[in-house]
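If you want the building blocks of each chain, they are given just below.
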Amino acid sequence: MKLIFSLLFSVSVLVLLVLPKPSTAQDYKLLFQQFQPGTLTRDDKRFLQAALAFQGHYKGLFDGDWGKLSQSAMQGYSARNFDTGVEPWHMAALAFSFFDEVEKSGWQMYHSELLGMSYLWPSTTLVSDKPTNNFINFRHSLSSLSYSVGVLDQHIAQNVHDFTQKRHAASGKPYTVRKTNFAISTSQLADGSYLYTRSNLVNGRWSTVMLSASRQDKPLLDAVSSSITTGYGRPITVTENGVLEAVILKTIDALDESKTQPNNATQPAAKPPKSGGSSGTGFVVSSKGHVLTNDHVIDGCTSFTIDGTPAKRIAASPEFDLALLQTTFEQPKPVAVFSATSPRLNSDVTVVGYPYGGALSGLNVTRGSVSSLKGLGGDATRLQITAPVQQGNSGGPLVGADGEVVGVIVSKLDVLKFADAIGDMPQNVNFAVRGEIAKLFLSQNGVSPALSLDDNTLAPTEIAERTAAFTVFIECN
């Protein structure tokens, strides 16, 4: 039996929502046991090494040897995405992210008869470029990654490696390897992009692979360079009936168990319409006029406007407290870009919205930091922030220091309920739906969120200007 997955969303933290706790679901105890790489097959370890490389955590051979480098990469992935040590279900989240990459680009091991070597390449998104004197050239159509491959004599191969080293413009020495039958040269160029050259002596000539990519696509370059091997390379697969497959299937079971029926565009009959109007905030998530907001902003409404333009409801999830609207803007608006990674504890964040129905002079901007990576009672679908939030901010974007969306604001209502329950009012405690959950919701409803790996810090004024451009005012009745 083969595993077949077609996941159209980024699920780096999918199981934060769907996995039950071990104390309440013994059926899923496999997912929470101590991580034991010794129980994995060599192919499973190679699979995880490849997936970690695509996530930017692993820079080593896909050899299935799980040493300090592999363990450190896995620990880094878990810490960055889940703020915990490694647990088995993290392997499933990692696998889902790799399945997604394969689905989008057709990544697979390819054997080149010309070179007598094998390496990863994107079989469904590969574009041929004009060949040069010594190389056949290809590029990945969805990124900046480019390939140049050729069989060279020793003199030309040496010139190619010299060229690679001379392009190095960053501080520090570039990584190089020189052996009698093997050579690697690397460099980081003045524009921040990377160049990698590898040559192996095969049948008396130097089979050479040159790779280049922008800083943003460095994980792809690292993944492909790590996959290069002489002869026929084994495919990157999950072992049938192995531990990794069991963890993946058990995680899918957990997802299926907790999955709710999708909402359609009609309000359930049991919910009466609101007797008065209400308002909130949203932000543009597609070039087709899709707008993301909170479910409680539009719950009970029968009509909607976005910046004064009529809109329709596409989907809603009370469990996520998210809703998707759609309208036709008179002038196209910029689309919000989501961060491809999770925000870190104490990282700077900015809240943008229309509090109190825009009564506070329209758009309002406040700043704070991420104070907890979970919500009340350990709610893994929420972030806790210190940035001030007022009634009406609900559904607005929470953006990081690079201007990328990391969450969706939830109004102070949750805080007030908490205060009522414990008899005390917490200070500087506000909440947002995690960006990963928002991306999951969008993907489940046919919207592919724009993602970015750029971490370039922006000035606070620039963050406000950029975010204001895709933030909208929602009214409903």
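Model, not experiment: these values are computed from the prediction.

In this section: the pattern of salt bridges. Where charged atoms from two side chains of opposite charge come close, those side chains can pair. Per the counting criterion, the structure on display carries eight salt bridges. In this structure, the salt-bridge partner of arginine 139 is aspartate 129, at a minimum N-O distance of 3.0 Å. Placement of the pair is arginine 139 in strand 4 (residues 136–140) and aspartate 129 in strand 3 (residues 126–129), with a sequence separation of ten residues. With a shortest N-O distance of 3.2 Å, glutamate 436 and arginine 434 are connected by a salt bridge. For the pair shown, glutamate 436 and arginine 434 are each scored as buried.

The antiparallel open sheet is built from seven strands, whose spatial order is 3-4-5-9-8-7-6. Each edge of the open sheet is held by one strand with a lone partner, namely strand 3 and strand 6 (176–179). Put simply, the sheet's adjacent strands are angled 20° from each other on average, direction ignored.

Strands sit in the order 1-2-10 across an open sheet of three strands; the sheet is antiparallel. A single partner strand is all that each edge strand has here, and the edge strands are strand 1 (107–112) and strand 10 (229–230). Note: strand 1 against strand 2 (residues 117–122), six bridges, orientation antiparallel. Looking across to strand 2, one finds that tryptophan 107 is bridged to proline 122. Sheet contacts for helix 6 (residues 218–227): strand 1, strand 2 and strand 10; angle to strand 2, the most-contacted strand, approximately 155°.

What follows is about the packing of aromatic side chains. Summed over the entire model, instances satisfying the criterion amount to 14 aromatic pairs. Measuring from centroid to centroid gives 6.4 Å for tyrosine 58 and phenylalanine 62, while their planes differ by 25°, and the two rings are stacked. Each of the two residues, tyrosine 58 as well as phenylalanine 62, counts as buried. Here the aromatic rings of tyrosine 354 and phenylalanine 473 are separated by 5.3 Å at their centres, their planes lie at 50°, and the arrangement is tilted. Residue tyrosine 354 is found in the loop between strand 17 (348–353) and strand 18 (364–372), and its partner phenylalanine 473 is found in strand 24 (residues 471–476); the two are separated by 119 residues along the sequence. Of the two residues, tyrosine 354 and phenylalanine 473, both sit in the buried class. Ring pairing ties together the aromatic residues Phe47, Phe54, Phe98, Phe99 and Trp107, which thus form one cluster. The lysine or arginine in question, lysine 218, covers the ring of tyrosine 194, its NZ or CZ lying 4.7 Å from the ring centre. Across the ring face of phenylalanine 329, the terminal group of lysine 333 is positioned such that the distance to the ring centre comes to 5.7 Å.

Basis of the calculations
- Residues numbered from 1 in each chain as written.
- Predicted model: local features only at pLDDT ≥ 70, side-chain atom pairs only at ≥ 80, totals over all residues.
- Heavy atoms only, no water.
- Salt bridge = Lys/Arg side-chain N within 4 Å of Asp/Glu carboxyl O.
- Helix = DSSP H or I, 4+ residues; strand = E, 2+ residues; numbered from the N terminus.
- Buried < 20%, exposed > 50% of the residue type's maximum accessible area, 1.4 Å probe, protein only.
- Pairing = 2+ DSSP bridges.
- Axes fitted to C-alpha atoms, helices over the stretch in contact; angles between N-to-C directions.
- Contact = heavy atoms within 4.5 Å.
- Phe/Tyr/Trp six-rings, centres within 6.5 Å; stacked < 30°, edge-to-face > 60°.
- Lys NZ or Arg CZ within 6 Å of the ring centre and 35° of its normal.

Remember that the coordinates give geometry; whether it matters functionally is a separate question.
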